[in-house]
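One-letter residues, chain by chain:
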Amino acid sequence: MSLLRVEGLGKSYNPETKVLKDIHFEVGTGEFVSIIGPSGAGKSTLLRCINRMVDFNEGQIIFDNQHVGNLTKKKLRKLRTNIAMIFQHYNLVPRLTVIENVLHGRFGYKTTLQGVLGRYSEEEKEFAFSLLEKLGIAEHAYKRCDQLSGGQQQRVGICRALIQEPALVLCDEPIASLDPNSSRIIMDYLKSISSEMGITCLVNLHQVEVAQNYSDRIVGLRNGEVVFNGRSDLLTQEQIQNIYGLKSKDLITA
Ligand code: ADP
């Protein structure tokens, strides 16, 4: 069953350039889908249209049978509890503790006053600890986030996403700032979110090989257009070449 449907999506930041052009694709419940493509292809813009961090100009995004483009402010807030996001630079509050950052993920469920006062229930705190344990960082719960390594901070980012109890997690270059070992750990956790918890993951990735190893399906973007959409094991060298606009000789060193 499709959780997310993107139909004829178009986006321009200014009248001269269209960043996304007639994008169509679907993501099924529990699927792990990667979006690959060169820098500037529109990957990040595409993810940000899905939770309306940026508004789009054309087409439809249908998430869980709701038209994302038409939502009122209140419904948009509700949608954003259901769609979590993980960022390249983690987007944590550095001077706050790990546990406080994780609990921030509950913000969308609070009244503004509860949120500002940082009021969280015992259940929410237990939930936060259980997630930190799952991600292997419970021992750091009371450390400030800026004392953690990049890989550990990204695990906090994952906990903050999961505490939202989302149906979909959007991951915008989640490993672009990490070393290979931390990258593998983060990708393994993301994979288990979809395979064990049934949460759908849509992940922007720079690294084709990583996308091939972890994804059920890959969407290839080039210059704002979908030029590949298929099972990751069906992505050929020619298609990679086409997505990245490379010549055969470049591919060897790419
Ligand atoms: P990718 O994630 O594939 O690198 P982006 O979505 O970040 O691509 O960018 C696609 C294009 O949109 C780029 O040309 C970029 O310069 C432009 N762009 C991205 N964000 C903005 C913005 N806020 N204002 C204007 N142009 C933007």
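Here goes a summary of the coordinates provided. (Residues numbered from 1 in each chain as written. Predicted model: local features only at pLDDT ≥ 70, side-chain atom pairs only at ≥ 80, totals over all residues. Heavy atoms only, no water.)

Section: the site of the ligand
For step 1, the next point in the chain: Close contacts around the ligand come from Tyr13, Val19, Pro38, Ser39, Gly40, Ala41, Gly42, Lys43, Ser44 and Thr45, and that covers them all.
For step 2, the next point in the chain: Between the ligand and the protein, one listed contact pairs an oxygen atom with a backbone N or O atom of Ala41 at 3.1 Å.
For step 3, the next point in the chain: Out of a free accessible area of 560 Å², the ligand has 53% covered by protein chains.
For step 4, the next point in the chain: If one sorts the elements of the shell around the ligand by residue count, helix H1 (residues 43-50) sits on top with 3 residues.
For step 5, the next point in the chain: Split into classes, the residues belonging to the shell around the ligand amount to 4 nonpolar, 5 polar and 1 charged. (Near = heavy atom within 4 Å. Polar contact = N/O pair within 3.5 Å; in protein donor to acceptor, adjacent residues only side chain to side chain. Areas by Shrake-Rupley, 256 points an atom, 1.4 Å probe, with all protein chains shown as cover. Helix = DSSP H or I, 4+ residues; strand = E, 2+ residues; numbered from the N terminus. Nonpolar A, V, L, I, M, F, W, Y, C, P; charged D, E, K, R; others polar.)

A few points about the side chain of Arg155
For step 1, the next point in the chain: Summarising the element assignment, Arg155 is placed in helix H6 (residues 150-162).
For step 2, the next point in the chain: The side chain of Arg155 sits in the buried core without any salt bridge; Glu139 is the nearest counter-charge, 7.6 Å away.
For step 3, the next point in the chain: Sequence-distant contacts of Arg155, that is, excluding residues within four places in its chain, are made with Leu135, Gly136, Ile137, Ile185, Ile186 and Tyr189. (Buried < 20%, exposed > 50% of the residue type's maximum accessible area, 1.4 Å probe, protein only. Lys, Arg positive; Asp, Glu negative; His and termini not counted. Salt bridge = Lys/Arg side-chain N within 4 Å of Asp/Glu carboxyl O. Contact = heavy atoms within 4.5 Å.)

Things to note about the sheet that holds strand E5 (residues 66-67)
For step 1, the next point in the chain: A sheet is described by the order of its strands in space; here 4 strands give the open sequence E2-E1-E4-E5, paired in antiparallel fashion. Edge strands, defined here as strands with exactly one partner in the open sheet, are strand E2 (17-28) and E5. (Pairing = 2+ DSSP bridges.)

Here we look at helix H7 (residues 180-195)
For step 1, the next point in the chain: Taking 1.5 Å as the rise per residue, H7 with 16 residues should run 22 Å; its terminal C-alpha atoms sit 22 Å apart, in good agreement.
For step 2, the next point in the chain: Among all positions in H7, only Ser182, Ser183, Ile186, Met187, Leu190, Ser192, Ile193 and Ser194 are buried.
For step 3, the next point in the chain: Its buried side turned inward, H7 meets strand E3 (32-36), strand E6 (83-87), H6, strand E7 (168-172), strand E8 (200-205) and helix H8 (208-214).
For step 4, the next point in the chain: Two or three places before Asn181, at the start of H7, stands the capping residue Asp179, its side-chain oxygen 3.0 Å from that residue's backbone nitrogen. (Expected span 1.5 Å × (residues − 1).)

Just geometry here; none of it tells us what the structure is for.
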